[in-house]
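# Structure at a glance
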Amino acid sequence: MIIENNESRKLPFIITNMLSEIIYINFKAKQEFSSLREKDSIYEKISEDIFRKNTMYREKLDIVDTKDKIYFKAIMRVLCGSFSKTSEFLFLNNEYFKNDENIDKIKEMFSFYNDRLSVAKSGVDIGKLINDVCNKITSEKEYSYKRIKLLSENNSVASVKVDFLEMIVVATFFILNEIDFKSDIEIEESISFNNIKISISSRNNLVINPKYILENPAMNIRIEFLKYMCEKEGVEVKIDQHIGKTFVRFTIPQAKYTADALHANIFDNIQDQRVKKYISAFSLK
């Protein structure tokens, strides 16, 4: 079962052009907003002021207020392609904002999208970096019970944005841990001339129905963020289930342009604090 495509979403999802006209509306949005169709204006659900303010930017992601009484917030993302500019709206109901702590964490999580990521560094030991991030997660008392196995044994040196890799490993940990907190997480990586492939998986012994993933607000919002970040960075991500196991697979292009200095492959205090920030934001309840 593929989890992350638009029509499988359990939330209303709409795409507009810069004239505010709807150019795509998924099945859930058609169900919830029965008066809206393609070519209608999004202004029925989003104020013109919010729309114009956010679309001034070439790229922007924000959580905005809506005019709907049930789906009263939306993740609005502005995208600028080669020939067109569009806005995406993923509408959220109060399951996503059930307490102030969750609201703060969701806002912090999506603020990462607008942060400037570091320049890619060459000579990054991918296996060691992933291991360091996992050790930081399991050093937190709340997650110390979790076993994370790195299956790759060979040195895997590549060029990559270190903070981006840290971020997707933390996000994926919380997605898989939400599915089944008892099962081990397994991580495998391989390097080719052009790409870094990373597979992170876990058995889902506690989940009978795979659709549980899409019904869980905390998990759903993490998946959306992961997709947004990967699309922004030109990274292919696939999330699916097969024979009682959930897989999150990444194909990361090796960076063509890198910082002058090689990566030291030492998990320093800056990285420690950064990963701690990611853990805090992704640990939604």
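In this report, we go over the structure that sits alongside the text. (Residues numbered from 1 in each chain as written. Predicted model: local features only at pLDDT ≥ 70, side-chain atom pairs only at ≥ 80, totals over all residues. Heavy atoms only, no water.)

The five strands lie next to each other as β2-β1-β5-β4-β3, forming an open sheet whose pairing is antiparallel. Looking along the sheet, the strands with just one partner apiece sit at the ends: β2 (22–25) and β3 (60–65). For this sheet, the mean inter-axis angle between neighbouring strands, taken without regard to orientation, is 20°. Bridging between β3 and strand β4 (residues 73–80) involves six bridges; their strand directions are antiparallel. Looking at β4, one finds that I63 is bridged to I75. Against the sheet, helix α2 (residues 48–55) engages β1 (13–16), β3, β4 and β5 (85–92), with an angle of about 35° to β4. Set on the sheet, helix α7 (residues 217–232) makes contact with β3, β4 and β5; between it and β4 the angle comes to about 10°. (Pairing = 2+ DSSP bridges. Helix = DSSP H or I, 4+ residues; strand = E, 2+ residues; numbered from the N terminus. Axes fitted to C-alpha atoms, helices over the stretch in contact; angles between N-to-C directions. Contact = heavy atoms within 4.5 Å.)

Moving on to unusual backbone geometry. Even without being a glycine, S20 presents a positive backbone phi close to 75°. Assignment of secondary structure puts S20 in the loop between β1 and β2. A relative accessible area of 4% places S20 in the buried class. Of note, the phi angle at N265 is positive, near 60°, even though the residue is not glycine. Structurally, the position occupied by N265 is in the loop between β12 (245–253) and α8 (269–282). (Buried < 20%, exposed > 50% of the residue type's maximum accessible area, 1.4 Å probe, protein only.)

Turning next to the nonpolar core. Counting residues in hydrophobic clusters, the biggest one holds 82 residues, and the most contacted among them are F110, I198, F250 and I252. Ranked by the residues each element gives to this core, the list is headed by helix α5 (residues 162–179), at 13 residues. Not counting chain neighbours up to four residues away, the residues in contact with F110 comprise L61, I63, I75, I221, F225 and Y228. (Core = buried A, V, L, I, M, F, W, Y, C linked by side-chain atoms within 4.5 Å.)

Put simply, the largest pocket is a space of about 230 Å³. Lining the largest pocket are 14 residues, with K161, E233, P253, Q254 and A255 positioned closest to its centre. The set of elements that each furnish at least two residues to the lining of the largest pocket consists of β8 (157–160) and β12. In the lining of the largest pocket, the residues fall into nine nonpolar, two polar and three charged. (1 Å grid on protein atoms, 1.4 Å probe; cavity = no way out; pocket = protein on both sides within 12 Å on 5 of 7 lines; lining within 4 Å. Points joined across faces, edges and corners; volume = space filled by probe spheres on them. Nonpolar A, V, L, I, M, F, W, Y, C, P; charged D, E, K, R; others polar.)

What follows concerns the packing of aromatic side chains. Across all of its chains, the model carries 16 aromatic pairs by this definition. On the basis of an interplanar angle of 55° and a centroid distance of 6.4 Å, the ring pair of F112 and F282 is categorised as tilted. One end of the pair, F112, is in helix α3 (residues 100–114); the other, F282, is in helix α8, with 170 residues separating them in the sequence. Here the two residues F112 and F282 agree in accessibility, since each one is buried. Feature note: the residues F33, Y43, F51, Y71, F89 and F91 constitute an aromatic cluster, connected by ring pairs. In this structure, K60 packs its charged tip against the face of Y57, placed 4.8 Å from the ring centre. K232 extends its terminal NZ or CZ atom over the ring of Y113, reaching a point 4.5 Å from the ring centre. (Phe/Tyr/Trp six-rings, centres within 6.5 Å; stacked < 30°, edge-to-face > 60°. Lys NZ or Arg CZ within 6 Å of the ring centre and 35° of its normal.)

By themselves, these figures tell us nothing about what the structure is for.
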